[in-house]
Amino acid sequence: MLRRGLRNVNRYLLVFAIAVSLNFFLPRLMPGNPLALIAGVDVGLMTPAERAELMEQVGLNEPLLAQFFDYWKSVLTFDLGYSYRSGRSIAEMIGERLPWTLLITVGSLMIASVVGIILGGFSAWRRGKKTDLSLLTSMISLQSLPSFWLGMLLISIFAVQLGWLPSFGAETPASGYVGWERVRDILEHAILPIITLTILSIPGAYLTMRYAMLEVLGSDFIRTARSKGASERRVLFGHVARNAIAPVVTFLAIRFAFAFGGSVIIETVFSYPGLGRLIFESVSGRDYPVMQAAFLVFTVAVLVANLFADMMYPILDPRMRVR
Amino acid sequence: MTKRLTLPILLLCLAMLAAACSDSDSDPTTTAGGDTATTQAEGDTATTAGGGDETTTTQAETSEPVSVRAAITGDEDTLNPYTYVSGFPGWNLLMMQYDSLMQLDAAGEPQPWLAESVSANDDLTEYTVSLVDGVKWHDGTDLTIADAEFTFNYFIESATGRFSRDLRGVDSVTVNEAGELVFALAAPNPAFDLVALADIPILPMHVWESIENPGEATFDISTNVGSGPFKMTAYEQDQFYRFEAHSDYFRGAPSVDELVVVIFADDAGALAAIRSGEVDVGFDRISPEQIELLDAQDPLDIAQGPEFTTQMINIDVSKRPFDDLAVRQAVQLAIDGQDIVDTVYLGSATVGSPGWVHPGKTVYNPAVVPMHDVAAANALLDDAGYADSDGDGIREFDGNPMAFEYITNSSDSLRLRIAELTAEMLAAIGIQATVVSVETATWEEAVWPGFDIANGRNYEMATWGWSAPIQANTIRIAELVNSDPGIGFLNLTGFANDEADAISAALQVEADPAVAAEMISELQVLIAEQVPFIMLAYPDGAYVYNSEVYADWEFIAGQGIVSKVSLLPPSARP
């Protein structure tokens, strides 16, 4: 058991090392130059000497290998560095963004998984019937909606035409709200992004649950359960759902990890100040340190979520336990 | 159960479809008729457009504090002289908090501002400036000549940033016995008032003297002490800025008490917020197809006027076949600028002069006019021996088809349309331009690698455009065509021509404005003949604002409405 655990950890460390190294090289493989971001729009008016001085200030003149070494050093010492754009501490920036992102991503994930699992389970139970088919069709249609389109549509209906909800941001800018008023303001601003993300995430949870259920429903032990006279209710909750939940947990764990990456498109459409927006702004400006840090957070979240799912499997499914 | 579940889902899908349709339907209905905005498009003098007639309504309500919420796209950092990001609207927002010695008036001409008077000696190598009295910093202390002297020397010494570049060629800045500021220049500079005095923010010495290396320092907004009509009281990255009126402002208290600038991630979001009434004015230009749509919606109005940004096609003239003048001239003849103005800009632009200079500028040479003649273009190519020998509709050069990659930046949908349209025009003369839309940083890196023309070029054809300052200061025409990277550092097409080199080098140091104007005239003829790049259009600036909240926007020719002048009472404007 211990040796297996160690092997697992080694495997995760290897994946981590590869992913973190890719985080360094991918931004630098993109064409484009962070100089414009560092120097502002007047970069073209600078003399070559001024440009060289600037590159030296941010360490971009060093050989790539030396930069790579520095990068690993900073990763291992938990030093995320400073943004080219604002000169601010990246850890601080991520700390500011993460709560906003988690509010809308985790909020929508919770709603979407409850709705998706219930609908998926129900659909599988009624497989082949009209309910199942119409649900399945609706879900596949929902899944094919482009996210920016859905977001803009909801803005157009609920903000522009009806004027019920705010169309942008996480709070009313410079409102001076405090306490309960502020909470209310934040929730109002979160509604449209959460609805958008929820609509987009329900089909995933639904399809995973439905498929997992269908597989279990066809197994021999379900027939056995039925033939020994167990009630439908007991079969559904005691046998089918229990056995179908493992893949759904994996799915949710991964979705939860993705929540840390924010949603670049949704946060852009709603001008929401989350991690996705930070990634968007840093990619368009080639702000390498911020890109690296945001991707690092994301990498770690995905790995931790995977590890969590790995560990949950034996608990959820006794067959997975190894002696 | 079946019906209970499927119905809501079906209803949701139907509702979304219906809403999508009604939303897109509204475009064509409002584009018919209405000529409100476009009539002012061709103005070749400075114009004030938009809802000037509504000023009385806002003035009448001045008992209530006026709060204006403005939209920008993209963060501008802490908006001090070393942190603001973009030339527009970053610099404009910076200057809400600071004053310069001179300020542009509605015609775009610099007028004394913090300066009481500005005078220059005969050969334009020495400028003398006296200061107005009674100016206070946001923290209540007095602005003195010592602050001004400190500012210019600080920028000269720190040697990074736009304001240091403005002061290149300044030998010394001192205070004379009469208490006036004296700028000694190494060479005559007729545009010194425009490029330096009306551009550089005066800084408070007591705040900045302790900051030794501003290029490396990190700032919070406590540094943002200026003398301007607004002081920044809050900033949240990627969210908003909040400015409060500076009630002790030396030209009189601003007519707006609070300015909140909201930072959007994209312009679609900003427009939605303007339409929903969450934001009162857009500080980014709106696209031509939005003008009538927004103008038709009450209480939104449009401020529109000529601006000095340019749209052009860059071609690498150092490579075959564009090194051949006949090919460049044929390309220029094949392009119909009027069609671009009509089709892409829906009339809200001025056709590009092939000589670079905007027809609204005093130094514009009226002998240089746009020409469009497909037959003549084809004849030019035929005579130069570029035949289509295999009959595929594409001519050949040196055994290769005249087929080129034509890159444009994906974030600019107007440019993409221009690229598609001009590619069709080129097809009519047997040149195949394949439009490739790439992300902005990639496009920039191809056209202007490392923002240094010494790095060469990695493109064949590209859409391009220069921001307003390059056109506003007509002497900068030299930077576009000189083949010496020291002078022609904006020469992105690899153009080299002895005559252009000689005139542009002489232009940069010419003291006599009449002689300089003559040189600019000659350069326009030369550029139109030699075609270092192809000029397409000068798009108008159009801005949308909510006239119920604030309607007194001033359109500065070539600059637009984003300026402190817009937020001051008319009596306080230059």
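Residues numbered from 1 in each chain as written. Chains lettered and ligands numbered in written order. Predicted model: local features only at pLDDT ≥ 70, side-chain atom pairs only at ≥ 80, totals over all residues. Heavy atoms only, no water.

1. As for the side chain of B:Glu258
All names here are of chain B.
Line of reasoning, step 1. Relative to the helices and strands, Glu 258 resides in strand β10 (residues 258-264).
Line of reasoning, step 2. Within polar-contact distance, the side chain of Glu 258 engages the side chain of Arg 242 at 2.5 Å.
Line of reasoning, step 3. With residues near it in sequence (within four places) discarded, Glu 258 still touches Val 66, Ser 67, Val 68, Arg 242 and Phe 243. (Helix = DSSP H or I, 4+ residues; strand = E, 2+ residues; numbered from the N terminus. Polar contact = N/O pair within 3.5 Å; in protein donor to acceptor, adjacent residues only side chain to side chain. Contact = heavy atoms within 4.5 Å.)

2. Observations concerning the sheet that holds strand β5 (residues 126-131) of chain B
Residues and elements named next belong to chain B.
Line of reasoning, step 1. If you trace the four strands from one edge of the open sheet to the other, you get β4-β5-β7-β6, paired in antiparallel fashion. What marks the edges here is a single partner per strand, and that holds for β4 (115-120) and β6 (170-175). Each strand axis lies, on average, 15° off the axis of its neighbour in the sheet, ignoring direction.
Line of reasoning, step 2. Relative to strand β7 (residues 181-185), β5 is paired through four bridges, and the arrangement is antiparallel. Looking at the pairing, Tyr 127 lines up with Phe 183 of β7. (Pairing = 2+ DSSP bridges. Axes fitted to C-alpha atoms, helices over the stretch in contact; angles between N-to-C directions.)

3. Thoughts on the interface of chain B and chain A
Line of reasoning, step 1. The partner chain A presents 58 residues to the 52 residues of chain B that form the contact.
Line of reasoning, step 2. Summing the contributions of chain B and of chain A, the shared interface buries around 4,700 Å²; its carbon and sulfur component is 60%.
Line of reasoning, step 3. The interface formed by chain B and chain A holds one salt bridge in total.
Line of reasoning, step 4. A salt bridge links A:Arg97 to B:Asp238; the shortest N-O distance between them is 2.7 Å.
Line of reasoning, step 5. For the pair chain B and chain A, the interface holds seven residue pairs in polar contact (both at pLDDT 80 or more).
Line of reasoning, step 6. With eight residues, helix α1 (residues 2-31) of chain B is the largest single contributor of residues to the side of chain B that touches chain A.
Line of reasoning, step 7. Of the residues in the side of chain B that touches chain A, the class split is 24 nonpolar, 12 polar and 16 charged. (Buried area = accessible area lost by both parts, 1.4 Å probe. Salt bridge = Lys/Arg side-chain N within 4 Å of Asp/Glu carboxyl O. Nonpolar A, V, L, I, M, F, W, Y, C, P; charged D, E, K, R; others polar.)

4. Side note on the domain arrangement of chain A
Residue and element names in this part refer to chain A.
Line of reasoning, step 1. When the domains of chain A are assigned, the result is domain 1 (2-77) and domain 2 (99-320).
Line of reasoning, step 2. The centre of domain 1, based on its C-alpha atoms, is set 32 Å off from the matching centre of domain 2.
Line of reasoning, step 3. Taken together, the contact between domain 1 and domain 2 spans 20 residues of the former and 15 residues of the latter.
Line of reasoning, step 4. Summed over both partners, the interface of domain 1 with domain 2 comes to about 1,600 Å²; 67% of that surface belongs to carbon and sulfur atoms.
Line of reasoning, step 5. Looking at the side of domain 1 facing domain 2, the largest losses of area belong to Tyr 12, Asn 23 and Pro 27, adding up to 34% of the total buried there.
Line of reasoning, step 6. At the boundary of domain 1 with domain 2, the tally comes to one salt bridge.
Line of reasoning, step 7. Note that Arg 11 is salt-bridged to Asp 310, the shortest N-O span being 3.4 Å.
Line of reasoning, step 8. Across the domain 1-domain 2 interface, the total number found is five residue pairs in polar contact (both at pLDDT 80 or more).
Line of reasoning, step 9. Residue classes in the side of domain 1 that touches domain 2 are distributed as 14 nonpolar, four polar and two charged. (Domains from an automatic or database assignment.)

5. Regarding a negative patch on the surface
All names here are of chain B.
Line of reasoning, step 1. Among the surface-exposed residues, Asp 498, Glu 499, Glu 518, Glu 522 and Glu 529 lie close enough to one another that they form a single negatively charged patch.
Line of reasoning, step 2. Mapped onto the negative patch, the elements with two or more residues apiece are α17 (498-507) and α18 (513-530).
Line of reasoning, step 3. Among the elements that take part in the negative patch, α18 stands out by supplying three residues, more than any other.
Line of reasoning, step 4. Along the chain, Glu 499 turns up in helix α17.
Line of reasoning, step 5. Of the residues examined, Glu 499 reaches a relative accessible area of 48% and is grouped as partly exposed. (Patch = residues over 30% accessible without salt bridge, like charges linked within 9 Å, V, L, I, M, F, W, Y side chains within 5 Å. Areas by Shrake-Rupley, 256 points an atom, 1.4 Å probe, with all protein chains shown as cover. Lys, Arg positive; Asp, Glu negative; His and termini not counted. Charge placed at Lys NZ, Arg CZ, Asp CG, Glu CD. Buried < 20%, exposed > 50% of the residue type's maximum accessible area, 1.4 Å probe, protein only.)

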